[in-house]
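Fold and geometry: a report
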Amino acid sequence: MRPLERVEARDKVTGAARYAIEYPVEGAAHVVAVAATIGRGEIESVAAAEVLAMPGVLAVLSCENAPKLNSVDDAELEVFQSRTVSYRGQLVAAVVAETLETAREAAARLRIGYRAEQHDVHLRDGQSGFRADVDQGDPEAALAEAAVSIDETYTTPAEHNNPMEPHATLAEWNEDGLTVHDSNQGSTTVRDTLAKVFDLDPAKVRVISPHVGGGFGSKGTPRPTAVLAAMAAREVKRPVKLAFTRQQMFSMTGYRTPTIQRVRLGADADGRLSAIVHEVIEQNSTVREFTEKTAGPSRIMYRAPHRRMAHRLVQLDVPATSWMRGPGETPGMWGLESAMDELAVTMGIDPIELRIRNEPETSPEDGLPWSSRNLVACLREGAERFGWTGRRAGREGRTLTGMGVASATYPVNREPNTATARAEPDGRFTVRIAAADIGTGARTALTLIAAEALKADPGRVTVEIGNSDLPKASLAGGSTGTASWGTAVHNACEALLAELDAPIPPEGVEVTVDTKEELESQEKYARHAFGAHFVEVRVDIDTGEVRVPRMLGVFAAGRIINPTTARSQLIGGMTMGLGMALMEESTMDLEFGDYLNHDLAQYHVPVCADVRDLEAIWLDEKDPHLNPMGSKGIGEIGIVGAAAAVANAVHHATGVRVRDLPITPSRLLPSL
Amino acid sequence: MRPFTYERARSADEALALHDGDTHYLGGGTNLVDLMRLGVERPARLVDVTRLPYDRIEEHGGGLLIGAAVRNSDLAADRTVRERYPVLAEAVLAGASGQIRNQATVGGNLLQRTRCSYFQNVTKPCNKRDPGSGCPAREGEHHNLAILGHTPHCVATHPSDMAVALAVLDASVRVRGGSGERGVRLDEFYRLPGDDPSRDTTLDPGDLVTGIQVPPLGMASRYRKVRERASFAFALVSVAAALDVADGKVLDCRVALGGVAHRPWRARRAEEMLRGAPATEESYLRAARAEMEAAQPLRDNGFKVPLATNLIVRTLSELAPSKPGDGS
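The structure displayed is predicted, hence computed values, not measured ones.

This part takes up the overall build of chain B. Of the regular secondary structure elements, chain B holds twelve helices and twelve strands. Relative to the globule expectation of 20 Å for 328 residues, the C-alpha radius of gyration of chain B, 19 Å, shows essentially globular dimensions. In terms of overall dimensions, chain B has a C-alpha envelope of 60 × 45 × 35 Å along the principal axes. Sequence separation of 24 or more characterises 64% of the internal contacts of chain B that already satisfy a separation of 6 or more. Entry remark: accessible area of chain B is about 12900 Å², with carbon and sulfur atoms responsible for 47%.

For the rest of this paragraph, the subject is the interface of chain B and chain A. Each side of the interface is counted separately: chain B has 32 residues, and chain A has 36 residues. The tally of links from chain B across to chain A stands at seven salt bridges. Two residues, R224 of chain B and E545 of chain A, come together in a salt bridge whose shortest N-O distance is 2.8 Å. Contributions of two or more residues to the side of chain B that touches chain A are made by helix 2 (32-38), strand 9 (220-226) and helix 12 (304-319) of chain B. Here the side of chain B that touches chain A is built from residues that sort into 14 nonpolar, six polar and twelve charged.

Residues annotated by UniProt as "domain: FAD-binding PCMH-type" (unreviewed entry) correspond here to residues 1-219 of chain B. Between the C-alpha atoms that bound residues 1-219 of chain B there is a distance of 48 Å. The span itself is 26% helix and 18% strand.

What follows is about the sheet that holds strand 6 (residues 172-177) of chain B. Residue and element names in this part refer to chain B. Read from one edge of the open sheet, five strands run 4-5-8-6-7, paired in antiparallel fashion. Two strands in the sheet have a free side with no partner beyond their single neighbour: strand 4 (57-60) and strand 7 (180-185). Going from strand to strand, the sheet's axes swing by 25° on average, the running direction of each strand aside. Here strand 6 runs beside strand 8 (residues 208-214); their pairing, made up of five bridges, is antiparallel. When the bridges of strand 8 are listed, V175 appears paired with V209.

Residues and elements named next belong to chain A. Here chain A is described as being made up of domain 1 (328-412 + 523-672) and domain 2 (415-520). Its C-alpha centre places domain 1 at a distance of 34 Å from the equivalent point of domain 2. For the pair domain 1 and domain 2, the two sides together bury roughly 1100 Å², of which 60% comes from carbon and sulfur. When residues of domain 1 are sorted by the area they lose upon contact with domain 2, I561, P628 and M629 head the list and together hold 41% of the total. Inspection of the region where domain 1 meets domain 2 yields one salt bridge. Here E452 ties to R559 by a salt bridge, and the two come within 2.6 Å at their closest N and O atoms. Between domain 1 and domain 2 we count four residue pairs in polar contact (both at pLDDT 80 or more) in total. Of the residues contributing to the side of domain 1 that touches domain 2, the split by class is five nonpolar, seven polar and two charged.

What follows is about the UniProt feature "domain: Aldehyde oxidase/xanthine dehydrogenase a/b hammerhead" (unreviewed entry) in chain A. Here, the residues flagged by UniProt with the feature "domain: Aldehyde oxidase/xanthine dehydrogenase a/b hammerhead" (unreviewed entry) are residues 14-118 of chain A. The distance from the first to the last C-alpha atom of residues 14-118 of chain A is 51 Å, and the span holds 15% helix and 31% strand.

Below, the discussion takes up helix 6 (residues 224-236) of chain A. All names here are of chain A. For helix 6, with 13 residues, the first-to-last C-alpha span of 18 Å sits near the 18 Å given by 1.5 Å per residue. Among the 13 residues in helix 6, eleven count as buried, and that is most of the element. P224, T225, A226, V227, L228, A229, A230, M231, A232, A233 and V236 are the residues of helix 6 that are buried. Positive phi shows up at K237, right after helix 6, with a value of about 55°.

Judged by nonpolar contacts, the single largest core of 94 residues is most densely connected at L265, L273, L343, F534, V537, L582 and I663 of chain A. Contacts of F534 of chain A, omitting those with residues within four sequence positions, involve I352, C378, L379, G382, A383, F386, W388, G404, V405, R550, M551 and L552 of chain A. Counting 41 residues, the second largest nonpolar core, distinct from the first, contains L88, A91, V168 and L217 of chain B.

It is worth spelling out the pairing of strand 20 (residues 429-432) of chain A at this point. All names here are of chain A. Judged from the four bridges that link them, strand 19 (residues 418-423) and strand 20 form a sheet pairing that is antiparallel. Counterpart to R422 in the pairing with strand 20 is T430. Hairpin connection from strand 19 to strand 20: five residues lie between these consecutive antiparallel strands, with G427 at a positive phi of about 90°. Direction of pairing for strand 20 relative to strand 21 (residues 461-464): parallel, over a ladder of four bridges. The residue of strand 21 that forms the bridge with R432 is E464. Where the polypeptide runs from strand 20 across helix 10 (residues 442-454) and back to strand 21, its parallel neighbour, the crossover connection is right-handed.

Paired through their backbone hydrogen bonds, the strands of a sheet run either parallel or antiparallel. All names here are of chain A. Overall, mixed pairing links the five strands, which are arranged 7-15-14-13-8 in an open sheet. The sheet is open, and its two edges are formed by strand 7 (131-136) and strand 8 (148-156), each paired on a single side. Shown here is a sheet whose adjacent strand axes are inclined to one another by a mean of 5°, direction ignored. Pairing geometry for strand 7 and strand 15 (residues 306-315), over five bridges, is antiparallel. If you follow A132 over to strand 15, its bridge partner there is A310. Sheet strands touched by helix 7 (residues 329-347): strand 8, strand 13 (259-267) and strand 14 (273-284). Its angle to strand 8, the strand with the most contacts, is close to 145°.

Residues and elements named next belong to chain A. Within this structure, the stated rule accounts for eight aromatic pairs over all chains. With a centroid separation of 5.2 Å and an interplanar angle of 65°, the aromatic rings of Y255 and Y595 are classed as edge-to-face. Placement of the pair is Y255 in the loop between strand 12 (240-243) and strand 13 and Y595 in strand 26 (residues 594-595), with a sequence separation of 340 residues. Taking the relative accessible area as the measure of exposure, Y255 reaches 1% and is therefore buried. A residue is classified by how much of its surface remains accessible, and Y595, at 4% relative accessible area, is buried. Across the ring face of F216, the terminal group of R325 is positioned such that the distance to the ring centre comes to 5.3 Å.

Looking now at the confidence of the model for chain B. Close reading of the predicted structure is inappropriate where its pLDDT is low. Residues and elements named next belong to chain B. Of the residues in chain B, 98% reach a pLDDT of 70 or more, and the chain-wide mean stands at 96. Note on residues 322-328: pLDDT under 50 across the span, and 13 contacts to partners over four residues away in sequence or across chains. Scored as a complex, the prediction yields pTM 0.97 and ipTM 0.95.

Cut-offs and rules
Residues numbered from 1 in each chain as written. Chains lettered and ligands numbered in written order. Predicted model: local features only at pLDDT ≥ 70, side-chain atom pairs only at ≥ 80, totals over all residues. Heavy atoms only, no water. Helix = DSSP H or I, 4+ residues; strand = E, 2+ residues; numbered from the N terminus. Rg over C-alpha atoms; globule rule 2.2 N^0.38 Å. Contact = heavy atoms within 4.5 Å. Areas by Shrake-Rupley, 256 points an atom, 1.4 Å probe, with all protein chains shown as cover. Salt bridge = Lys/Arg side-chain N within 4 Å of Asp/Glu carboxyl O. Nonpolar A, V, L, I, M, F, W, Y, C, P; charged D, E, K, R; others polar. UniProt positions renumbered as here; feature names shortened; annotations may be inferred. Pairing = 2+ DSSP bridges. Axes fitted to C-alpha atoms, helices over the stretch in contact; angles between N-to-C directions. Domains from an automatic or database assignment. Buried area = accessible area lost by both parts, 1.4 Å probe. Polar contact = N/O pair within 3.5 Å; in protein donor to acceptor, adjacent residues only side chain to side chain. Expected span 1.5 Å × (residues − 1). Buried < 20%, exposed > 50% of the residue type's maximum accessible area, 1.4 Å probe, protein only. Core = buried A, V, L, I, M, F, W, Y, C linked by side-chain atoms within 4.5 Å. Right-handed = clockwise from strand over helix to strand, strands pointing away. Phe/Tyr/Trp six-rings, centres within 6.5 Å; stacked < 30°, edge-to-face > 60°. Lys NZ or Arg CZ within 6 Å of the ring centre and 35° of its normal. pLDDT = per-residue confidence, 0-100.

So this is what it looks like as structure tokens:
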């Protein structure tokens, strides 16, 4: 397919694209959320009367007056249904007022009485009770007998998603039910959840989300904003607007758990792995169980007869963990790919050669054949382009230089979807599906997929997404979007084309498809995307500053639908990997029990000056076992492995192995 | 936020007259407005002083007089500043982002508040924000807080880059108060926290900063800032330095540190040791170490001691080959 510029680019650049609470609504009131200021305990009182007396305050909502809601499987959505405080920063009350300023002031003044209990927010090693996910062979014996072994612990800090657009909802009730303009990664899911929470027929709920300013997983599940806004709008009988503040996004909207990963590798004298053990300690809130499957990628990356992958969840009085930028694979490949580099260094084997020697014929997890696996080709292509061969650690004045490599992987999954394709007599086509474009380019990719199936110019195709009235669709998450929605769009368009043998009648021709059966009957293959990151670093000896002048990602992700937006996604992922490697870190306040970072001045992500010569390319991978487009997801693989490649380059340059992210001057300088 | 009135002063006298106890002067608002949103600052009145006639950079007694309403971007771009005081232009450009520098004023830059997490969170104690409530940073998160001059009451750092350069330039702040206009040397303008960290400066309530007087320098100078990303981050440690070397000897030398104390930290001890000493790395290292003997790092910010030491040595070494006043 020929590259296509983002179809809504002009709307976004000119400001015509509206985000959730930007919709102009007559008479909208404003909601401001109030966060708990204790780490654990009970709400004893809410002094609502004091702020209700302020001019312009319309309502105070809390556990003292909230309407009863139905439970769903996420207790975070049980807004104000209990007096229990499970973590500091939890949503415990809200103020509705005529203006945003009044609502904020009233929220600041609202006094809530608590009975506080001692909180525990400190994730540490020491408790027993791993839950093994994979146990093959006898890894302990294999490690004991190995010619060479690595046994190291790698950690990642808590990391917050921080999309530019905060979690936000505009809610309005009328005779037709509930309408919300909401910032999310899937309008169908938000509709179904709100219908259940408020005991409504899903047909009475309409979720409108044509443009979403990023989510990175944190908008993948419906968030409390949607429930709270709907509750408040019903209470004051007016439309309301609610956006979490940047400060609230560090407690109310999810984040990645910190991880403590012990990785053990055993190898023979040639570097062939006999054992891989990846044991992970993570935290969980007391309100919502969520497992970051950090050891997941170790199931499939390398061949080894003896294997153990295990997770232990430590329940703490912390905010609820959730999806964040490649959950599982992203932290897990930091641990595994750092350990692989350590093994290569210990054995004096080139890190690329070590990986090639451990390439599995079939999936080590279940013995299934690969639908396609081109990790080795990515490593070789990248080595050639990056100038890997003969790499030497160098020194220029007070600067040390070096290069590092790490592998990347991400599973390829599809979810069932429905889509409608419609032809008009004037030669135009419209495709409808409740997909979400969270900045990824999904709308554009689906336009290309439809145009190809229709054998039409993309300019004749309009794709409508981001609205729960459209045919129901799965989430933008887990790198499944384009493959899942695309299958439905492709099938609908193909079926439509088959019906267009006669002139199109004035009322048009329309076809709707459901991909459920096709997905259930797909052949059994191990389906994964692979990639390799190459990084050059410059380390200042005097300050410990690490800069990345050059970074290359090579990916094998099936057929790339739209090179223009695909490149943006991949280099975006790699940039997030740079952030994870060098700066992203949320710091727990052990005394008070919340994350200290409260804004983007305290939670650093890369700025333009950090991103220099950064390039993503892909192999021409043909895989007939995926979907009608032959594509694998690319939303997350760009970040996976990137942090390890940076750390491996830092080791190459300095001889210092940093095992705790991020690699800041405070961590690196003392070892230089 | 608390309701407030906004007024734009047309003269310094009017600004002073409009100021009652519950007032803040408003410059670019890049820090004050954030703090108002957070509830850290809750003034009843804002008096906008950006239209006062202090928006020029003028020759003054062989040096410069920089108006308090000059925008940071204009200061950094000024040809005279870049030629004669590269340390000042470099320091301003090392701060914030282009957009913020376009908005921020020189006076506001001087008076910005610490970025300590506890100070910015009204649900937690902080002696600077709420005197007597305590300082959780001391035992809590302080990896980017003070190593010098702190007290049990406060371990905050001053965030300005520009002020560190001004410290090394021996600048003084022009202040209009109830009793007329006066000059306050930068050393006397900023305070250490002592037992009253609520006050960052020695200004009296209602005092209006009208400008900064920078005397002639006559030495090569530069600014080097270390931060956790390549741009748009506060300093872990920064160094402003000026050096005059002849015949292999240090004739004169000034060094100030940022990111290490409640105010820009003038390294007087190092300066004294260096005057007359050979202009060598050994001298610089000896002097830097002597300066850092006063450091009292906290649990998690000990890395700032070697960082500051290295940065002093490196910056002076890089200055040494230059000829005085060549502006490089």
